[in-house]
Each structure stands twice: as C-alpha cells, then as structure tokens.
Amino acid sequence: MKYHLISGGCGFVGRNVAKHLLKTTEDRIIVVDDCSVGMEPIQWPMPEGGTFLGGSPKRTDGQAEFWGENEEFIFWKGDFRFFLRNMLEHENWLQEALGLESFTKFSDVFHFAAIVGGRA
C-alpha cells in the first residue's frame, strides 16, 4: 500500500488533490491541516452531490479522524510543523500514533500549507 501525505489538505487545492487521489488510487491519504483557513472534511463540497466518504469519520483517535470503509483517508488536525517534529523526534511516531504498522515511507508529499497573500 502506498501512502500520500498532504499538508494544508483542507484548503481548496489540497482537498481537491486528496479527493482525486481517493478516486484514482487504492492508497492511503494522510491530510494534515489546522483548518485555520480550510474546511474540515465533514464540510467538503462534493461535485456529484452527497457527502464526503459517508459524511462522518469511521472513528477518531486523539487528533486523527479515520474516514472510509478501509480507513483510506486520515485527517490529522493540527499544525504541520508539529506533525513533522513528532516524526523527526520519534522514529516510529506515525506508526504508533495512527496505527500504521505497514508504513515505511511516503510515496508522495504534497505541501499546500500556507497563508495566501491578498486573500483577506
């Protein structure tokens, strides 16, 4: 199984990349966002109508929400810097914090975490 990491995944670009990956792969997508600008997955508009992955997470654990029948989408609500710091300071943090025993590396990392100038 491949793992994709999306920082700032709740903003316009990030959530559309996440939805595209969910539609086109069987991989696990991990989205990290503090939602200071974006919207949480429960609020994501779906172009075909309906709700995102059933409308609510399958389960929650601390800062993480696990979405989808096979928990193929994980939303970690928090600052991306803290997510990275945890990974750097504790070698197996991601496996332990999110229960990802099979995780060894990310196949892709998409970095969209930023405040866009002029938006206000």
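Residues numbered from 1 in each chain as written. Predicted model: local features only at pLDDT ≥ 70, side-chain atom pairs only at ≥ 80, totals over all residues. Heavy atoms only, no water.

**Some words on the overall build of the protein chain**
- In terms of helices and strands, the protein chain carries three helices and six strands.
- Taken from N to C terminus, the helices and strands of the protein chain fall in the order β-α-β-β-β-β-α-α-β.
- Whereas a compact globule of 120 residues would reach a radius of gyration of roughly 14 Å, the protein chain reaches 14 Å, a difference of no more than 12%.
- Along the three orthogonal principal directions, the C-alpha set of the protein chain runs to about 35 × 35 × 25 Å. (Helix = DSSP H or I, 4+ residues; strand = E, 2+ residues; numbered from the N terminus. Rg over C-alpha atoms; globule rule 2.2 N^0.38 Å.)

**Here's the deal with the confidence of the model for the protein chain**
- The pLDDT averaged across the protein chain works out to 92; a share of 96% of its residues lies at or above 70.
- Per-element confidence in the protein chain ranges from a low mean pLDDT of 93 for helix 3 (residues 93-98) to a high of 98 for strand 1 (residues 3-7). (pLDDT = per-residue confidence, 0-100.)

**Quick word on the pairing of strand 1**
- Of all five residues making up strand 1, five are buried, and the element is well covered by its neighbours.
- Of the two faces of strand 1, the one carrying Tyr-3, Leu-5 and Ser-7 and the one carrying His-4 and Ile-6 are both buried.
- Where strand 1 and strand 2 (residues 28-33) come together, five bridges link them in parallel fashion. From the neighbouring strand, Ser-7 faces strand 2, where its bridge partner is Val-32.
- In the classification by handedness, the crossover that spans strand 1, the intervening helix 1 (residues 12-24) and the parallel strand 2 is right-handed. (Buried < 20%, exposed > 50% of the residue type's maximum accessible area, 1.4 Å probe, protein only. Pairing = 2+ DSSP bridges. Right-handed = clockwise from strand over helix to strand, strands pointing away.)

**Focus on the nonpolar core**
- In this structure, Ile-30, Phe-83, Leu-94, Leu-98 and Leu-100 are the most contacted members of the largest nonpolar core, which totals 16 residues.
- Listing elements by their share of this core, those giving two or more residues are strand 1, strand 2, strand 4 (64-67), strand 5 (73-77), helix 2 (80-89) and helix 3.
- The element contributing the most residues to this core is helix 3, with three residues.
- Beyond its immediate chain neighbours, meaning those up to four positions away, Leu-100 contacts Tyr-3, Arg-28, Ile-30, Ile-74, Leu-94 and Gln-95.
- Counting residues in hydrophobic clusters, the runner-up holds 14 residues, among them Ala-18, Leu-22, Val-31 and Phe-75. (Core = buried A, V, L, I, M, F, W, Y, C linked by side-chain atoms within 4.5 Å. Contact = heavy atoms within 4.5 Å.)

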